[in-house]
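What follows is each chain in one-letter form.
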Amino acid sequence: MQAQFALQAKISTFLNTNVAKNVILFLGDGMSIATLAATRVYLGRKYGHLGEEVKLSFETFPFTGLAKTYCVDSNVADSACSGTAYLSGVKANSGTVGLSAVVKRGDCEGQRNSSNSVTGLMSWAQRAGKSTGIVTTTRVTHATPAAAYAHSADRKWEADADMPRHGLRCEDIASQLVRGRVGSSIDVIFGGGRKNFYPSTEIDPHGHYGIRTDGRNLIREWLLKKESFGFRPKYIYNKQDLEKLNTEYDSILGLFSFDHMPYHLEAEEDDPTLSEMTEKAIELLSQNRKGYFLFIEGGRIDTAHHETKARKALDETAELAKAVEIALRMVNLEDTLVVVTSDHSHTMTYSGYSKRGADILGLASPKFNTSDNLPYSTLSYANGPGYKPNHGFRRHNLILDDMNDLNYTYPSLAPLARETHGGEDVAVFAKGPWSHLFTGNYEQNFIPHAIAYASCIGPGLTKCKS
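What counts and how
- Residues numbered from 1 in each chain as written.
- Predicted model: local features only at pLDDT ≥ 70, side-chain atom pairs only at ≥ 80, totals over all residues.
- Heavy atoms only, no water.
- Pairing = 2+ DSSP bridges.
- Helix = DSSP H or I, 4+ residues; strand = E, 2+ residues; numbered from the N terminus.
- Axes fitted to C-alpha atoms, helices over the stretch in contact; angles between N-to-C directions.
- Contact = heavy atoms within 4.5 Å.
- Disulfide = S-S within 2.5 Å.
- Buried < 20%, exposed > 50% of the residue type's maximum accessible area, 1.4 Å probe, protein only.
- Salt bridge = Lys/Arg side-chain N within 4 Å of Asp/Glu carboxyl O.

Turning next to the sheet that holds strand S10 (residues 348–350). Taken together, the 3 strands give an open sheet; going across it, the order is S10-S11-S12, and neighbouring strands pair in mixed fashion. Each end of this open sheet is capped by a strand with a single partner; those strands are S10 and strand S12 (412–415). Along the sheet, successive strands turn relative to each other by an average axial angle of 20°, direction set aside. As paired elements, strand S11 (residues 379–384) and S12 share 3 bridges and run parallel to each other. Note on S12: the bridge partner recorded for Tyr381 is Ser412. Set on the sheet, helix H2 (residues 33–46) makes contact with S10 and S11; between it and S10 the angle comes to about 55°.

In C-alpha cells, the structure reads:
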C-alpha cells in the first residue's frame, strides 16, 4: 500500500515552470548519502520508532539527482573548489575560491588578475535587484560561504594574519566581504568568525582579542560603508539580538561566535540555532518585491566528520533538516525554488547486519563479529583520528570504549590527524519552480546554471530569455 501511495504521488507530480522569484540553496557540508541514511535511524531512535522509514524534510522533495564533485586538479573535492562549482558554475582547483582553474592554490598574482575571477549566483541575484543573504554555522569567511562572494587563491587566507609574510600581498577573505563588490552588497550575513574582523589590539564582546594585524576593525568599516550607501545597517552578536531584529534594518551582520559556531549538542542559551537564523533571514529578505537569493550552510556536519565524531555529524544533519522544514513553512513554493545538496562526501560507512531499531551509534549485531571475535561499530571511517593501535596484533576492543560520549571518535582504518573527504557523488534535492531540472546525474557546476535558468538571473540561458 505504501508503495502504491508513492506511485500515485509520482505520476501526479506537477511540473512547475513559473519563474523562481526566490531561491534558497541549502548546503550540508560533507553530507554524504551514508550520512543521510544514518541520520534517519538516529532520529528514529531519538523519537522512539524505527528510523529506517523516517524521511528528512528534504527527502520528501519530488525531484532528486546526483552531482559529481571532483575538482580540476583533484579527484576528491574540498569545500573551496566545490563551493566555486555549485555557486559560480565553474570547476576550479582545490583550495581556491571564486577563481577559474587558471589559478593554482597560493597563486597571489593569479588572484590579483581580475580576469581570473568568476561570478556566480550571489552576484547574478544582486544585479537582478534581488536581496541576498548567507547563513552558516561556520565562520562566515570559511571556504563554503566565501565561495559566494570572494576570490582567493587560498581558502585559508581568511584574515590578513593568515597571509604569507613575504611576496605579493592579496586581499584577505574577510576584507572582501566588507569591501568587495559582491560581499559588501549582501544584505543578511549570519554565522561565526568574529576573530577575522577584529584587530589584535581590540577585544570582541566576549573578551577575545581579534587576529587582524592591519589594525582594521572590519565590523566598524562594514557599518560605515553601509551607511554611506544609504542603508540602515545593524551588527548583532547573540541570540537575543537576533530575536529582536525587525524590518527596521535592511542590512544585518550577525557574528555569533569568535570562531565556528558551537555544535548544536554543545550550544549554550546565547547561541542561535541554524533554524532560528534561517527563519530570521527569510523574514528579512522577503521584504524585497523582486525576491531574494539565500544561501544556507550546515557547516559543522563536515567538521564533526573530520574529527570522526559521528554522533555530532548526525545531529548537525538533523539540524539542517529542521532548518529546511522551517523554510518550507515560510515560503510559497509556487514562486520559490528550494535546493538542498552537499559539496562532497566523507569516508564514514554504514555497515553490518544489526536488527531494526538498534542504536546506529553503537556496535553491530554481536552475531556477526569478525574472525578475530571482536565487535565492530555500525559506523566507522576509512581514515582519521579514531584509529586505535592494536594490542598484541589484535584490534582494539570497542567494548572498552564509552560510545555514548558526545566526543567519542569512531573507529578509523588508517591513522590521520583529520579524516578526509570522500570522492563519490552527492545527492541533490529540489522543490519549486523548475525543480525537475535537477534530476539525473550531472557535474556539480551544473547546479547554479539550473538555478539561474529558473530564476532568470545571470548571463546564461534563462527561462525569460528562452
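Still more to cover.
Summed over the entire model, instances satisfying the criterion amount to 3 disulfides. A sulfur-sulfur separation of 1.9 Å characterises the disulfide bridge that pairs Cys71 with Cys81. Taking the torsion about the S-S bond as the criterion, the Cys71 to Cys81 disulfide, at about -45°, is left-handed. Note that Cys71 is positioned in the loop between strand S2 (63–68) and helix H3 (79–88) and Cys81 in helix H3, a separation of 10 residues in sequence. Across the pair, Cys81 and Cys71 agree in class, each one buried. Between the sulfur atoms of Cys108 and its disulfide mate Cys170 the distance is 2.1 Å.

Taken as a whole, this structure holds 27 salt bridges when the rule is applied. Across the pair Arg212 and Asp160 runs a salt bridge, and its minimum N-O distance is 3.7 Å. In this pair, Arg212 is assigned in the loop between strand S4 (188–192) and helix H8 (218–228) and Asp160 in the loop between helix H6 (143–146) and helix H7 (173–179), connecting sequence segments 52 residues apart. Accessibility classification places Arg212 together with Asp160 in one group, the buried group. Asp204 is paired through a salt bridge with Arg194; the nearest N and O atoms lie 3.0 Å apart.

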